[in-house]
Amino acid sequence: QYTTRLKEPSVMQLQSRVPVAQKLKGAPVHRVGRSIVGRSHLVQCSAQKEIGSDATAPVPSRRELLALAAATVVGVSAAPSYADEVASTSSGNRVYLEVKLEGKPLGKVVIELFDDVTTGSARFRDLVVGKQGVGYRLSRFDGIFPTYLRCEGVKSLSYSATAESPITGGDSVDALEQELASQSRQHDTPGLVSLVVRDEDSVRTKERLIARDGKLVTVVDTIGEAPNGTTFTILRKPDAELNASHLIVGRVVGGQDVVDAIAAQPFAKPRDEYYDSPFFNVAKAMGDKRADVAEKGFYRPLKRILVTKGGLA
């Protein structure tokens, strides 16, 4: 048995029987198996003599086996691209997310995307499917708020330091901003799915005095990061405050029981429900970083809720 690697992009798990005994001096090749390994294919060729065949027939050399493997790779059609996969569905406007709670399957949420939100819907679909490995898989539901659920999204939109992001819209949210400015839908119906485009609370500035060259100077610190257009929410109750910052891209059409199960999980309550609320409010007003850190933990689920898989429905 011989093993080698031959360059051949995007061929996914192919096995075929090759009756070419006459080409290999009478020793039949029983199977040539190929499976993708990164960008290469692991080609395994095995040859053996059939029982009852001519015992004098020579076993094929390694070079002959490699030649056969190369010949079988040539002419194999490439696997369907992401665009082909989308086109092969009825309309590509329904996607699903599978969710696990503490490692146990919770169920599947099916979302219908709105075709008129061109960039937003395409971006969300790319992330659900996991285009070129960039997607919501293993993203965590990190907020159970009174009016909506929030999934943290992805940190990076590309796994390459030089290549452009494969996700619609790329690293910029400019196209999402334009669609948000012309948005006609309102956050008035439970089940609406939105991408977070703006979040005034996510980026804050704080002034502080420092000594520099014997003088006191004012320095402005920036705290937090602006949304990258991947965090999404599922509406539980009408909330008009989201209209200015969340781009509606679809609605839940299946798996509402899964959404309700997520919403029913315990979460960290805000400080206004505790005895030390006045102290927290004072620290917040003073710009104490400890108050900012504590506030980020509000409404965070106490159990691990993950998106484990996504695709076209």
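Residues numbered from 1 in each chain as written. Predicted model: local features only at pLDDT ≥ 70, side-chain atom pairs only at ≥ 80, totals over all residues. Heavy atoms only, no water.

(A) Inspection of the overall build of the chain at higher detail. The number of helices and strands found in the chain is seven helices and 14 strands. The burial tally for the chain puts 42% of its 313 residues in the buried class. Once local pairs closer than 6 in sequence are excluded, the contacts in the chain between residues at least 24 apart make up 71%. Surface accessibility of the chain: about 18,300 Å² in total, with carbon and sulfur atoms responsible for 51%. (Helix = DSSP H or I, 4+ residues; strand = E, 2+ residues; numbered from the N terminus. Buried < 20%, exposed > 50% of the residue type's maximum accessible area, 1.4 Å probe, protein only. Contact = heavy atoms within 4.5 Å. Areas by Shrake-Rupley, 256 points an atom, 1.4 Å probe, with all protein chains shown as cover.)

(B) Spatial organisation of the packing of helix H3 (residues 118-129) against helix H4 (residues 174-181). Packing of H3 against H4 leaves a shortest axis separation of 8 Å and a crossing angle of 130 degrees. As the angle between them shows, H3 and H4 are arranged oblique. Residues Thr 118, Thr 119, Gly 120 and Arg 123 of H3 pack against Ala 175, Leu 176 and Glu 179 of H4. (Axes fitted to C-alpha atoms, helices over the stretch in contact; angles between N-to-C directions. Parallel < 35°, antiparallel > 145°, perpendicular 65-115°, else oblique.)

(C) Spotlight on the sheet that holds strand E5 (residues 94-101). One open sheet accounts for eight strands, arranged E7-E8-E12-E9-E13-E6-E5-E14; its pairing is antiparallel. The two strands at the open ends of the sheet, each matched to only one other strand, are strand E7 (141-144) and strand E14 (305-312). Each adjacent strand pair in this sheet contributes to an overall mean axis angle of 30 degrees, direction not counted. Across the sheet, helix H5 (residues 256-263) lies against E5, strand E6 (104-113), E7, strand E8 (148-151), strand E12 (232-235), strand E13 (246-254) and E14, angled at about 120 degrees from E6, the strand it touches most. (Pairing = 2+ DSSP bridges.)

(D) Seen up close, the environment of Val 197. Along the chain, the position of Val 197 falls in the loop between strand E9 (192-196) and strand E10 (204-212). Taking the relative accessible area as the measure of exposure, Val 197 reaches 3% and is therefore buried. Between the C-alpha atoms of Val 197 and Thr 231, which are 34 residues apart in sequence, the distance is 8.3 Å. Residues contacting Val 197, with those up to four places away along its chain left out, are Leu 176, Glu 177, Leu 180, Pro 227, Ser 245 and Leu 247.

(E) Broad picture of the environment of Leu 195. Summarising the element assignment, Leu 195 is placed in strand E9. The spatial distance from the C-alpha of Leu 195 to the C-alpha of Thr 233 is 6.6 Å, given a sequence separation of 38 residues. Sequence-distant contacts of Leu 195, that is, excluding residues within four places in its chain, are made with Gly 120, Arg 123, Phe 124, Tyr 136, Gly 229, Thr 230, Thr 231, Phe 232, Ser 245, His 246, Leu 247 and Val 249.

(F) Representation of the confidence of the model for the chain. Confidence in the prediction of the chain, expressed as mean pLDDT, is 75, and 60% of residues score 70 or more. Note on residues 1-53: pLDDT is under 50 here. Beyond four places in sequence and across chains, it has 114 contacts. Low pLDDT, under 50, characterises residues 73-90; the stretch is placed with 21 contacts to residues that sit more than four places away or in other chains. (pLDDT = per-residue confidence, 0-100.)

(G) Representation of the side chain of Asn 93. Inspection of the secondary structure puts Asn 93 in the loop between helix H2 (82-87) and E5. For Asn 93, the residues in contact, after removing those within four places along its chain, are Ile 111, Glu 112, Leu 113 and Asp 115.

(H) View of the packing of aromatic side chains. Counted under the stated rule, the structure contains seven aromatic pairs. Taking 5.6 Å as the distance between ring centres and 55 degrees as the angle between the ring planes, the aromatic pair formed by Phe 124 and Tyr 136 counts as tilted. Placement of the pair is Phe 124 in helix H3 and Tyr 136 in the loop between H3 and E7, with a sequence separation of twelve residues. With respect to burial, Phe 124 and Tyr 136 carry one shared label: buried. On the basis of an interplanar angle of 40 degrees and a centroid distance of 5.1 Å, the ring pair of Phe 145 and Tyr 299 is categorised as tilted. Within this pair, whereas Phe 145 is found in the loop between E7 and E8, its partner Tyr 299 is found in the loop between helix H7 (289-296) and E14, the two being separated by 154 residues in sequence. In this structure Phe 145 comes out as buried when scored by relative accessible area, which is 13%. (Phe/Tyr/Trp six-rings, centres within 6.5 Å; stacked < 30°, edge-to-face > 60°.)

(I) A look at the pattern of salt bridges. Applying the stated criterion across every chain, the model contains five salt bridges. With a shortest N-O distance of 3.2 Å, Asp 116 and Arg 185 are connected by a salt bridge. Taken as a pair, Asp 116 in the loop between E6 and H3 and Arg 185 in the loop between H4 and E9 lie far apart in primary sequence, 69 residues in all. Measuring nitrogen to oxygen at the nearest pair gives 2.8 Å for the salt bridge that ties Arg 198 to Glu 177. Residue Arg 198 is located in the loop between E9 and E10, and its partner Glu 177 is located in helix H4; the two are separated by 21 residues in the primary sequence. Residue Glu 177 is classed as partly exposed on the basis of its relative accessible area of 25%. Look at the salt bridges and you will find they share partners, linking Arg 94, Glu 112 and Arg 251 into a network. (Salt bridge = Lys/Arg side-chain N within 4 Å of Asp/Glu carboxyl O.)

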